[in-house]
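Survey of secondary and tertiary structure
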Amino acid sequence: MSHREFNVIVTIQNKSFINDPEGETIYHDLILKNQYKNIKSVRTAKVLKLVINAKNPLEARSSVKKMCEDLRIFNPIVSDCQINILCDNN
């Protein structure tokens, strides 16, 4: 089976019990001060956009997960890492 190209989004966010000062600042200093009262909270995240060659979406996800763990792209004690395969380009 030949390899295809997959677009992958990796989202790294602090776990819910970890403070998010950047999100709190955005919420208090921008959103509330500008009267967006229907917004209840803000959490920030880091997003990586990757393009990977793999046989299938499962292999693409597995390879990206291994890379994130091996290279310590995120700290699993304080962060959650979500991997989403967007689409293939073929």
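The structure reproduced in this document is the subject of the present report. (Residues numbered from 1 in each chain as written. Predicted model: local features only at pLDDT ≥ 70, side-chain atom pairs only at ≥ 80, totals over all residues. Heavy atoms only, no water.)

**Concerning unusual backbone geometry**
Short version of the rule: Relative accessibility decides the category of a residue: with a 1.4 Å probe and only protein chains considered, values under 20% of the type maximum give buried, values over 50% give exposed, and everything between is partly exposed. Labels follow the DSSP assignment, with helices taken as runs of H or I lasting at least four residues and strands as runs of E lasting at least two, numbered in each case from the N terminus.
Even without being a glycine, Gln 35 presents a positive backbone phi close to 65 degrees. On the accessibility criterion, Gln 35 (53% relative accessible area) is exposed. In the Ramachandran plot, Arg 72 falls in the positive-phi region, its phi being about 55 degrees despite a non-glycine side chain. Here Arg 72 is to be found in the loop between α2 (57–70) and β3 (79–88).

**Concerning the side chain of Asp 20**
Convention followed: Positive residues here are Lys and Arg, negative ones are Asp and Glu, while His and the chain termini are left out of the count. Salt bridges, as used here, are contacts in which a Lys or Arg side-chain nitrogen is within 4 Å of a carboxyl oxygen on Asp or Glu. Contacts between residues were defined by any pair of non-hydrogen atoms, one from each residue, lying within 4.5 Å.
Position of Asp 20 relative to the elements: it lies in the loop between β1 (4–14) and α1 (21–32). Summary of buried charges: Asp 20 has no salt-bridge partner, and the nearest side chain of opposite charge, Arg 43, is 4.2 Å away. Beyond its immediate chain neighbours, meaning those up to four positions away, Asp 20 contacts Asn 14, Val 42, Arg 43 and Thr 44.

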